[in-house]
Amino acid sequence: MELHVDEQFSEIEKLRAELLANVDVMADWQRAEEEISHQEILNRIEGIILGVVTSLSKDEAPVLALPNRSSWANVSFDSTIGLQMSSRQSVVTIRSDCPSSAAKFAQILKILSVIYRLVQSNSYATKRDIYYNNTQLFGSQKAVDSIVDDISCMLKVPRRSLHVLATSKGLISGDLCYMEEDGTRIDCHSSSAAVSVSSNISGIKNIISAAKFVLIIEKDATFQRLLDDDFCTKLSPCIIITGKGVPDVNSRLMVKKLWDELHIPIFALVDADPHGIEIMCIYKYGSVAMSFEAHSLTVPSVMWLGLLPSDLQRLRVPEDALIPLTKRDESKLSSLLERPYLTSQPDWQKEMKLMQQSKVKAEIQSLTAIAPDFLTNIYLPNKLRYGGWV
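Everything numeric here is computed off the predicted structure, so don't read it as measured data.

Chemist: Hey, could you run me through the layout of surface pockets in this one?
Modeler: Considering only enclosed or pocket space, the largest pocket measures out at about 920 Å³ in volume. A class-by-class count of the residues in the lining of the largest pocket yields 13 nonpolar, 9 polar and 15 charged.

Okay, structure coming up:
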């Protein structure tokens, strides 16, 4: 049996050896990122409030300057980190005397005061708590979510250090045990039910796992299918995780935590369409909006396991299971190919150009057109055993 296991994971072990050769290089910037003290966070908030008070004392309308988190011009690319915000970024001005931004100005000051109290008392609140504390002022949960990220970027403080937690939407299962900050022991081994990704990833400790790899799964439906088919037992030991589509920050932090702690290969299983590729790129290289936190969110070692456009031809997936690319898909694909990180990924470019030429996309579920159990019993085991990733 041991021989079979060694043979099954031989290609994965080779990949791990390659990745480990680069770990020391990546560890340099990880060591450089030290935890910011509570006092330093309080000082930075006080600095902003002092600026507001000073403007008022001069009978001037206070103004807040937020780094522009939606502009590609503010982002640079580093192959060992991903997309990161440039030091000389453009800013968005939030004026207190302008009708279009006065409400946002008030919202930012309110959330700054909440964060100040939380850090000062060493207590935590969820973004949902903040919203329901003053629904009239904020108008929507989305406004609170965006402003918390704006403040994190403005203060140059990781979001987890602001003492504001977000409810996780991700799920995780497999060969993994760990302890939450409050001492709760979490066991992810159950084959029938997944565990919700923690809302406080930085507080996780005592991680125990013999997993050979981590598999990121784009969709919840595919994740549940793998659970139902007992995938983690069949390809034991491994860990599977899903952010249920576009991943939330906690799902990304968890993938990063697993890489930092275990240093095992991380694969992505996404739909063979532009949307799936973009989601995979968020895990691997990050996003423009969260580029200011790239160090703690990106895992550049992520490999594309499937579904590859070349798989559709190689496996002769039935035509009625394929979907024509829409104009929007074609536009998204073209814009993805122009992104800075694709220049270092010729194999990814090749797959994406194949999609452009064939003008078709496919969901992971399309493999059931070959056989109902094809994904879990044939496709994934063979991909992992023979190194079918790019």
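Chemist: Looking at this model, I keep getting lost on the packing of aromatic side chains. Mind explaining?
Modeler: The geometry of an aromatic ring pair is captured by the separation of the ring centres together with the interplanar angle, meaning the angle of the planes. Taken as a whole and judged by the stated rule, the model has 8 aromatic pairs. Judged by centre distance (5.5 Å) and plane angle (75°), the ring pair of W304 and W348 falls under edge-to-face. In this pair, W304 sits in strand β15 (residues 303–306) while W348 sits in helix α16 (residues 346–358), placing the two residues 44 residues apart along the sequence. Both residues of the pair, W304 and W348, count as buried. Clustering of aromatic rings is evident, with ring pairs tying together F9, F213, F267 and W389.

Chemist: Quick question: what am I supposed to make of empty space enclosed by the protein here?
Modeler: If a probe as big as a water molecule is rolled over the atoms, it shows which places are left empty. On inspection of all chains with the given rule, the structure shows 2 cavities of 30 Å³ or more. Estimates place the volume of the largest cavity at around 130 Å³. What lines the largest cavity is a set of 15 residues, and nearest its centre among them are R159, R160, V249, N250 and L253. Among the secondary structure elements, those contributing two or more residues to the lining of the largest cavity are β6 (164–165), α11 (249–262) and α13 (294–297). Sorting elements by how many residues they give to the lining of the largest cavity places α11 first, with 3 residues. Split by residue class, the lining of the largest cavity holds 7 nonpolar, 5 polar and 3 charged.

Reading the values: the criteria
- Residues numbered from 1 in each chain as written.
- Predicted model: local features only at pLDDT ≥ 70, side-chain atom pairs only at ≥ 80, totals over all residues.
- Heavy atoms only, no water.
- 1 Å grid on protein atoms, 1.4 Å probe; cavity = no way out; pocket = protein on both sides within 12 Å on 5 of 7 lines; lining within 4 Å.
- Points joined across faces, edges and corners; volume = space filled by probe spheres on them.
- Nonpolar A, V, L, I, M, F, W, Y, C, P; charged D, E, K, R; others polar.
- Phe/Tyr/Trp six-rings, centres within 6.5 Å; stacked < 30°, edge-to-face > 60°.
- Helix = DSSP H or I, 4+ residues; strand = E, 2+ residues; numbered from the N terminus.
- Buried < 20%, exposed > 50% of the residue type's maximum accessible area, 1.4 Å probe, protein only.

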